[in-house]
Amino acid sequence: MSGENLNWFWRGWFYNNWKLDQAVTRVKYVKDDPKQGALITVENLEKMAMPCILEIKMAGGKIDRVKLPVEIWERNTKWTFLYPSTEEIASVTSDPDFVFPDSNSDNDVWRR
């Protein structure tokens, strides 16, 4: 037994017929300067809650992964976090490996 609360999992998969739709909705640079970091906003547009995996591609070619826990959706449907960018971001992709049953892939990618 892990001791972790998995109510979010049972509620979404077994007790209800909920859909998942996570979207990357905004990327804004701190003080309009990519070297000072980026505020990245993701939204959960449906009722099912799942962790969020983001692939961040920089303009220079560097690729990074950010994993956000399912707990970000406990109180809100929108989450903004500070990503320590040092250059412009070319794209941010939610679920880059297609491991989650996202019902609308049209909103999974933000592009510069």
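If you're wondering where the values come from, they're calculated on a predicted model, not measured in any experiment. (Residues numbered from 1 in each chain as written. Predicted model: local features only at pLDDT ≥ 70, side-chain atom pairs only at ≥ 80, totals over all residues. Heavy atoms only, no water.)

J.: Mind showing me how you'd approach the overall build of the protein here?
T.: The helix and strand inventory of the protein stands at one helix and seven strands. Counting helices and strands in the order they occur from the N terminus, the protein gives α-β-β-β-β-β-β-β. Burial analysis of the protein (112 residues in total) assigns 41% to the buried set. Total accessible area on the protein is roughly 7200 Å²; 49% of this is exposed by carbon and sulfur atoms. (Helix = DSSP H or I, 4+ residues; strand = E, 2+ residues; numbered from the N terminus. Buried < 20%, exposed > 50% of the residue type's maximum accessible area, 1.4 Å probe, protein only. Areas by Shrake-Rupley, 256 points an atom, 1.4 Å probe, with all protein chains shown as cover.)

J.: Just checking my understanding: could you explain the pairing of strand E3 (residues 52-58) for this structure?
T.: Side chains on a regular strand alternate between the two faces of the sheet. Counting buried positions along E3 gives six out of seven residues, so the element sits mostly inside the fold. Taken together, the six bridges between E3 and strand E4 (residues 63-68) define a ladder with antiparallel strand orientation. Looking across to E4, one finds that Leu 54 is bridged to Val 66. Linking E3 back to E4 in an antiparallel pair, the connection comprises four residues, with Gly 61 at a positive phi of about 105°. (Pairing = 2+ DSSP bridges.)

J.: Explanation requested: the sheet that holds E4 in the structure shown.
T.: Sheet strands pair via backbone hydrogen bonds, and the direction of the pair is either parallel or antiparallel. Spatially, the four strands line up as an open sheet ordered E4-E3-E6-E7, and their pairing is antiparallel. Each having just a single partner strand, E4 and strand E7 (109-111) make up the two edges of the open sheet. Adjacent strand axes in the sheet meet at a mean angle of 15° when their direction is disregarded. Sheet analysis places E3 next to strand E6 (residues 89-94), joined by five bridges and oriented antiparallel. Residue pairing for E6: Met 58 is matched across the bridge by Ile 89. (Axes fitted to C-alpha atoms, helices over the stretch in contact; angles between N-to-C directions.)

J.: Would you mind showing me how to read unusual backbone geometry here?
T.: One can expect most non-glycine residues to show negative phi and most peptide bonds to be in trans. Even without being glycine, Lys 31 reaches a positive phi, approximately 55°. Among the structural elements, Lys 31 can be located in the loop between strand E1 (22-29) and strand E2 (38-44). The exposed category is assigned to Lys 31, whose relative accessible area is 69%. In the Ramachandran plot, Phe 98 falls in the positive-phi region, its phi being about 55° despite a non-glycine side chain. Residue placement: Phe 98 occurs in the loop between E6 and E7. Residue class for Phe 98 comes out exposed when judged on its relative accessible area of 68%.

J.: When you look at the environment of Gln 22 in this model, what are you seeing that I'm missing?
T.: Turning to its location among the elements, Gln 22 is positioned in strand E1. In this structure Gln 22 comes out as buried when scored by relative accessible area, which is 2%. Spatially, the C-alpha atoms of Gln 22 and Glu 46 are 7.7 Å apart, while their sequence positions differ by 24 residues. Apart from the residues lying within four places of it in its own chain, the contact partners of Gln 22 are Glu 43, Asn 44, Met 50, Pro 51, Cys 52, Trp 73, Ser 94, Asp 102, Asn 107 and Asp 108. Among the polar contacts listed, one links the side chain of Gln 22 to the backbone oxygen of Met 50, at a separation of 3.0 Å. (Contact = heavy atoms within 4.5 Å. Polar contact = N/O pair within 3.5 Å; in protein donor to acceptor, adjacent residues only side chain to side chain.)

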